Amino acid sequence: KKKPQVGSVLSDIMDNPFYQSLTNEDIQVRTDAVKGLADFAEQIGPQRTLDVLLPTLSDICIDDEDEVLAPLAVELGKFLPLVGGETHIQPVLYLLEGLAKSEETSVCQKAVASLSAIGAQLSEGVFESHFVSLVIRLAESEWFPPKVSACPLFADALKRSSDAKKEQLLPLYVQLCQDETPMVRRAAASNLKNIFPLLHPDVILKYFLDVYHLLAKDPQDSVRFIIVEVAASLASTFRAHNLGEKSLELVKPVVLACAEDRSWRVRYMVASNFVLIANGIGAEATQSLVYVFVNLLKDSEAEVRTAASGKISGVSALLDTQKVISSILPCVAGLVNDDSQQVRSALASDVLLLAPIFGNEGTSQHLLNIFLRLLRDDVPDVRLNIISKLDQVTKVIGLDKLSEHLIPAIIELAEDRQWRIRLSVIRYIPPLAKQLNVDFFTEKLGDLCFGWLEDSVSSIRKASVENLKDLTAVFGEAFAVNNVLPKIVELSKKTNYLHRMTVLLFISQVSPALSEAALNNHILPLALTLASDPVANIRFGAASALETLFPRLSAETKQKVVRPVLQTLNADKDIDVRLYAAQALKAL
Amino acid sequence: IWYSRQRAMSAGPDEFLSKVRGFNDSTQQWEFSQMFGEDEASQDDSTDNYISSLSFDSTGAYLAVGYNCGQVVVLYQEDEHTYQLCCEFKSHNSEFDCLTSTEIEEKINSIEWFPFSGRNPQLMTCNDKTIKLFRVTMPGSDESGGFPVVRPRRVFSGGHTFNINSLSFNNDGETFISTDDLSINLWNVEISSEAFNIVNIKPENMETLKEVITRSDFHPTSCNLFVYSTSKGIMRTGDLRDSSLCDRPSQEFSDPAGSLGGFFEELVATISDCKFSPNGHFLLSRDYLSMKVWDLRKVNEPVQRIKFNEHLIPKLCDLYESDNIFDKFGCCWSGNSSQVMSGSYNGDFYISNAFEPGNVTQLTLNSRSGNESWNQFDTSNKALHMDWHPKQDIISVGAKDCGYIYVRKNAEDDH
């Protein structure tokens, strides 16, 4: 640890307020300061960074709080150019190595990311002498946190290693996979998917075959369920080397064992990774494993069925349609009536994606009833999930067959007691509108859209204004002028001031989408009327709304029509009105 | 709170030798080794300095002691028989719950050490409502004279409507459970914003409430098994592998044959503590009058009933009137799963071979002044909290505001 020389030109750093804030008593000050470290280092230059800054950071790393150390780790990742290149990178790596040993995961993870970023930029010689040896030191530590940090770094080390070096590194990693603490085994297992693609299958078999089977039988549930992803990664690596048969030989027993594991969490992992596994072993092999997927759809644990339901379309895409109809669809029919609403909800999100696979006839014949049944589900969430994916179906069979059921379903959800459900429905209106013609839409759903403007919940009112803006984009100005504006004018005359507030919101949000003619003929008069509203909030809201219109109004209009109104408001008895009016006048 | 030490040498060793009353076992030689707590007895009746929980870590090198006032003291093992003060910190402060207009006490109900020892050990504490994880940062080896610093790492709040009675870490190093009167939550150590509810015995109609959960414990080696005990004298095991909600227990342990009968039957049957044996094959339960050892393969009766509180039976009426019948005594196993220990009134505590009948050693905590009043029955001196070093024959007992450490001198085999 070098101390800066007293009386040298380096001493001006010690007086620098930013530098001093790094050791301020207040943790918030230190945390904020640390986030600007890279900029500071750039300003003071490499020499002073090495001589003054890094020693101070070293002290901080030894005993400061995690809240400071995590952003510090992030900043250190940017220091390669700031210390003048890789010849001087050693002290930075040393600090990051220390942070990678922390018990606090957020600090470790940031340190590991920074090490990885720096490592990628090092030349081969420095990489081997500094980075790889660092990884080895972490992996050989007696405590578990450094070993956990070492795991993701092995992929970086192996990527750039010669075969000889790999022979040195891989046995270490195998040891980590068999560590006595589950935390290390989990980290080692979950990083295998980053390591396998870097190795030749022969190398994988030589080092990892035993450990792979050991992990699949690990007594810790949390280790076993990582093995599913590992199996998928193994499969795709082997297939990439045209060793499909060997891949199946390795992966199938593990997948089968996990699909029947006593722990529902392991089975869940098989379900949620099924598409990944299927892609790894190929379509032909997947055909033979369909029964495994079907069993997961019928699993006793609802969480597993939920995960599997979400993958139905993904799996079906890999099979031929006949197989889907004979094996999977009967299950789906059962799941539509499942006791658990999570299962039905997941099903609703996914099942519509089967439509493109089945095509027009197939969808009408096999899927339509399922969609309609879910559209009538008791639980709003399920119905919403159907509505949100409807475009998948309408692309295939058109909207007509659905609309007779769809419109009532939407209206029912739009009037649900829970405002968050009403909010979700509003969000689906514009995409739906794109598929309907304007008359049909206005006739069926117009009242709904305008009704929301007067909803008791303000978030709904706000969303409804945005909805009208989006609808204007879909249907064009004519729709806005003919259908929307009359309603808005009506709203501006209501006695409840909240409705008039909504009008102001409309003015500022929707006006940018309208033509100047519409602005001058319809919007401007509205704003001006509201400027003389009895309620002060409306008056100053009108002032701000007028201000938003300025870029689109002609100079003449602004001076002759708007200015007088604003000047009246500037003399208003209410202080806030005067404030906003003055602001608007200034902008004029 | 500062900590003091009294060596056995200050009084004749004979005075502190184990006292055997009515049972024969001379191979056990437990000796008083140390005492820690306030030097002077507190003048007022304040129970603030009373010990409320006590726990060795997985190596036995550290001993954590929690107090009614929310303070936690950590001791470390300096040599074979001596514990020194490592650090001390205020874990919880009392809070006022605005919704129910009640005070949430700062009393530490449970302390559990993170099962994997790192360079900087971690421990978890809880009061009635909030769980906190702390890290004890040891001074660096390259620095001379540093002090251990205790840092709060996580706060797990909002998980419980009722009062938390126990915490237990899973041996996966990732999850733990917290238990209140009616439910058990599963947490991930890294995530304080979410918990999974895995057991919920709250009835639809609270008027029909008949049973509450008293303690829970994770199995030491099987990451999927846990046990919880209830006020009905029953223990139920749950298997996390079976389903996401463990309302249907895997096994139910009860001892109808061992019931007392009579008016106080239900009150004395309630289990105040339950623990898996370190080897994972057995369960220990503590009800008001006895300890029971259970084989996990046998649910309808315990393999051993260790009755050391029979002398309380004639006094049950008085104990009921004074509310002492509701006292919650802890219990624990020795590190080699062969012996069990629990405390009682009068500063008495009992150590027994778990499987051999009639093999109980009774010891009495020496009071500060060195007097032992044999004739008085002191219900205020309750040896409620205790723990056994996981690797050595060292035990720690907490009663009132004093903690005691006893060491066994003869290294006799117990099996």
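What counts as what
Residues numbered from 1 in each chain as written. Chains lettered and ligands numbered in written order. Predicted model: local features only at pLDDT ≥ 70, side-chain atom pairs only at ≥ 80, totals over all residues. Heavy atoms only, no water. Contact = heavy atoms within 4.5 Å. Buried area = accessible area lost by both parts, 1.4 Å probe. Salt bridge = Lys/Arg side-chain N within 4 Å of Asp/Glu carboxyl O. Polar contact = N/O pair within 3.5 Å; in protein donor to acceptor, adjacent residues only side chain to side chain. Helix = DSSP H or I, 4+ residues; strand = E, 2+ residues; numbered from the N terminus. Nonpolar A, V, L, I, M, F, W, Y, C, P; charged D, E, K, R; others polar. Core = buried A, V, L, I, M, F, W, Y, C linked by side-chain atoms within 4.5 Å. Buried < 20%, exposed > 50% of the residue type's maximum accessible area, 1.4 Å probe, protein only. Patch = residues over 30% accessible without salt bridge, like charges linked within 9 Å, V, L, I, M, F, W, Y side chains within 5 Å. Areas by Shrake-Rupley, 256 points an atom, 1.4 Å probe, with all protein chains shown as cover. Pairing = 2+ DSSP bridges. Axes fitted to C-alpha atoms, helices over the stretch in contact; angles between N-to-C directions. Parallel < 35°, antiparallel > 145°, perpendicular 65-115°, else oblique. Left-handed = near helix turned anticlockwise from the far one by under 90°. Arc of directions from axis to C-beta. pLDDT = per-residue confidence, 0-100. Disulfide = S-S within 2.5 Å.

Draft legend 1. Broad picture of the interface of chain B and chain A. Facing 26 residues of chain B, the contacting portion of chain A comprises 25 residues. Note on chain B versus chain A: buried area summed over both sides is about 2,200 Å², and carbon and sulfur give 42% of it. Our enumeration of links across chain B and chain A arrives at 9 salt bridges. Its salt-bridge partner being Arg 262 of chain A, residue Asp 239 of chain B comes within 2.4 Å of it at the nearest N-O pair. Across the chain B-chain A interface, the total number found is 16 residue pairs in polar contact (both at pLDDT 80 or more). Per element, the largest residue contribution to the side of chain B that touches chain A is 3 residues, and it comes from strand 11 (residues 149-156) of chain B. Taken together, the residues of the side of chain B that touches chain A break down into 5 nonpolar, 9 polar and 12 charged.

Draft legend 2. A look at the nonpolar core. Leu 53, Leu 57, Leu 76, Phe 79, Phe 154, Tyr 173 and Phe 208 of chain A are the most contacted members of the largest nonpolar core, which totals 228 residues. Broken down by element, this core gets its largest block of residues, 12 residues, from helix 4 (residues 37-63) of chain A. For Leu 57 of chain A, the residues in contact, after removing those within four places along its chain, are Leu 37, Leu 72, Leu 76, Phe 79 and Leu 95 of chain A. Residues Met 35, Met 341, Met 386 and Ala 399 of chain B belong to the second largest nonpolar core, which totals 18 residues.

Draft legend 3. Here's a closer look at the side chain of Glu 301 of chain A. Relative to the assigned elements, Glu 301 of chain A resides in the loop between helix 18 (290-297) and helix 19 (302-309). Polar side-chain contacts of Glu 301 of chain A include one of 2.8 Å to the side chain of Ser 244 of chain B. With residues up to four places along the chain from it excluded, the contact list for Glu 301 of chain A reads Trp 264 and Arg 267 of chain A together with Asp 242, Ser 243 and Ser 244 of chain B.

Draft legend 4. Structural context of a nonpolar patch on the surface. All names here are of chain A. A contiguous nonpolar patch, built from Tyr 497, Leu 498 and Met 501 and spanning about 230 Å² of accessible area, is present on the exposed surface. Mapped onto the elements of the fold, Leu 498 is located in helix 31 (residues 497-510). When its relative accessible area of 33% is taken as the criterion, Leu 498 is described as partly exposed.

Draft legend 5. Broad picture of the pairing of strand 3 (residues 62-67) of chain B. Residue and element names in this part refer to chain B. Across the 6 residues of strand 3, 6 count as buried, placing the element largely inside the fold. Neither face of strand 3 is open: one carries Tyr 62, Ala 64 and Gly 66, the other Leu 63, Val 65 and Tyr 67, and all of them are buried. As judged from the 5 bridges shared by strand 2 (residues 51-56) and strand 3, these two strands associate in the antiparallel manner. Bridging from a neighbouring strand, Ser 53 pairs with Gly 66 of strand 3. Once strand 2 ends, the chain turns through 5 residues before running back antiparallel as strand 3, passing Gly 60 with a positive phi of about 85 degrees. Bridge count between strand 3 and strand 4 (residues 71-79): 5 bridges; the pairing is antiparallel. Among the inter-strand pairings, Gly 66 is bridged to a residue of strand 4, identified as Val 72. Between strand 3 and strand 4, which pair antiparallel and follow one another directly, the connecting turn spans 3 residues, one of which, Gly 70, has a positive phi of 90 degrees.

Draft legend 6. Representation of unusual backbone geometry. Not every positive phi belongs to a glycine, and Asn 242 of chain A is a case in point at roughly 60 degrees. By the element assignment, Asn 242 of chain A lies in the loop between helix 13 (221-240) and helix 14 (244-259). Positioned with a positive phi, Asn 346 of chain B is a non-glycine residue whose angle comes to about 70 degrees. Within the secondary structure, Asn 346 of chain B sits in the loop between strand 25 (339-343) and strand 26 (348-353).

Draft legend 7. Geometry of the packing of helix 13 of chain A against helix 14 of chain A. Residues and elements named next belong to chain A. The contact between helix 13 and helix 14 brings their axes to 9 Å, and the two run at 165 degrees. In this view, helix 13 runs roughly antiparallel relative to helix 14, as classed from their interaxial angle. Read as a crossing pair, helix 13 and helix 14 show a hand that is left-handed. Where helix 13 abuts helix 14, its residues Arg 224, Ile 227, Val 228, Ala 231, Leu 234, Ala 235, Phe 238 and Arg 239 lie against Gly 244, Lys 246, Ser 247, Leu 250, Val 251, Val 254 and Cys 258. Here the residues of the contact of helix 13 with helix 14 sort into 10 nonpolar, 2 polar and 3 charged.

Draft legend 8. How the structure looks around the sheet that holds strand 9 (residues 122-126) of chain B. All names here are of chain B. Taken in spatial order, the 4 strands line up as 8-9-10-11 in an open sheet, and their pairing is antiparallel. A strand with exactly one partner marks an edge of an open sheet, and here the two such strands are strand 8 (110-113) and strand 11. Between one strand axis and the next, the sheet turns through 25 degrees on average, direction left out of account. Sheet topology note: the strand 8/strand 9 ladder contains 4 bridges and is antiparallel. Bridge assignment links Glu 112 to a residue of strand 9, and that residue is Met 124.

Draft legend 9. Looking closely at the sheet that holds strand 17 (residues 225-230) of chain B. Residue and element names in this part refer to chain B. Spatially, 16-17-18-19 is the arrangement adopted by the 4 strands of the open sheet, whose pairing is antiparallel. Two strands lie at the open edges of the sheet, namely strand 16 (213-218) and strand 19 (251-253), each paired on one side alone. For this sheet, the mean angle separating the axes of adjacent strands, direction not counted, is 20 degrees. With 5 bridges joining them, strand 16 and strand 17 adopt antiparallel strand pairing. The residue of strand 17 that forms the bridge with Arg 215 is Ser 229.

Draft legend 10. Helix 3 (residues 27-34) of chain A, seen in detail. All names here are of chain A. Every buried residue belonging to helix 3 is among Arg 30, Thr 31, Ala 33 and Val 34, and all of these are buried. Each buried residue of helix 3 sits inside an arc of 165 degrees when the element is viewed along its axis, so together they form one side. Looking at the buried residues of helix 3, the elements they touch are helix 2 (17-21), helix 4 and helix 5 (66-76). Residue Asp 26 occupies the N-cap position of helix 3, its side-chain oxygen lying 2.9 Å from the main-chain nitrogen of Gln 28.

Draft legend 11. Structural detail: the confidence of the model for chain A. The predicted model of chain A has a mean per-residue pLDDT of 89, with 98% of residues at 70 or higher. Segment residues 1-8 of chain A is flagged for pLDDT under 50; beyond a separation of four residues in sequence, or across chains, it makes 7 contacts in the model.

Draft legend 12. Spatial organisation of the pattern of salt bridges. Across all of its chains, the model carries 46 salt bridges over all chains by this definition. Arg 153 of chain B is the partner of Glu 104 of chain A in a salt bridge, and the nearest nitrogen-oxygen pair spans 2.8 Å. Note that Glu 104 of chain A is positioned in the loop between helix 6 (90-99) and helix 7 (105-120) and Arg 153 of chain B in strand 11, a pairing that runs across two chains. The class for Glu 104 of chain A is buried, based on a relative accessible area of 5%.

Draft legend 13. Examining the packing of helix 32 (residues 516-530) of chain A against helix 34 (residues 555-570) of chain A more closely. Residue and element names in this part refer to chain A. Put simply, helix 32 and helix 34 touch, their axes get as near as 10 Å, and they point 25 degrees apart. Here helix 32 lies roughly parallel to helix 34, going by the angle between them. Packed against helix 32, whose contacting residues are Asn 520, Leu 524 and Leu 528, the element helix 34 presents Thr 557, Val 561, Val 562 and Val 565 at the interface. When the residues that make up the contact of helix 32 with helix 34 are grouped by side-chain class, the tally is 5 nonpolar, 2 polar and no charged.

Draft legend 14. Molecular detail of the state of the cysteines. By the definition in use, this model includes 0 disulfides over all chains. Left without a disulfide partner, Cys 258 of chain A is nearest to the cysteine sulfur of Cys 223 of chain B, which lies 14 Å away. Residue Cys 258 of chain A is classed as buried on the basis of its relative accessible area of 2%.

Draft legend 15. Just the confidence of the model for chain B, in detail. Residues and elements named next belong to chain B. On average, residues of chain B score 86 in pLDDT, and 86% of them reach the 70 mark or higher. Scored below 50 in pLDDT, residues 1-26 makes 60 contacts in the model with residues more than four places away or belonging to other chains. Model confidence for the complex is summarised by a pTM of 0.83, with the ipTM given as 0.85.

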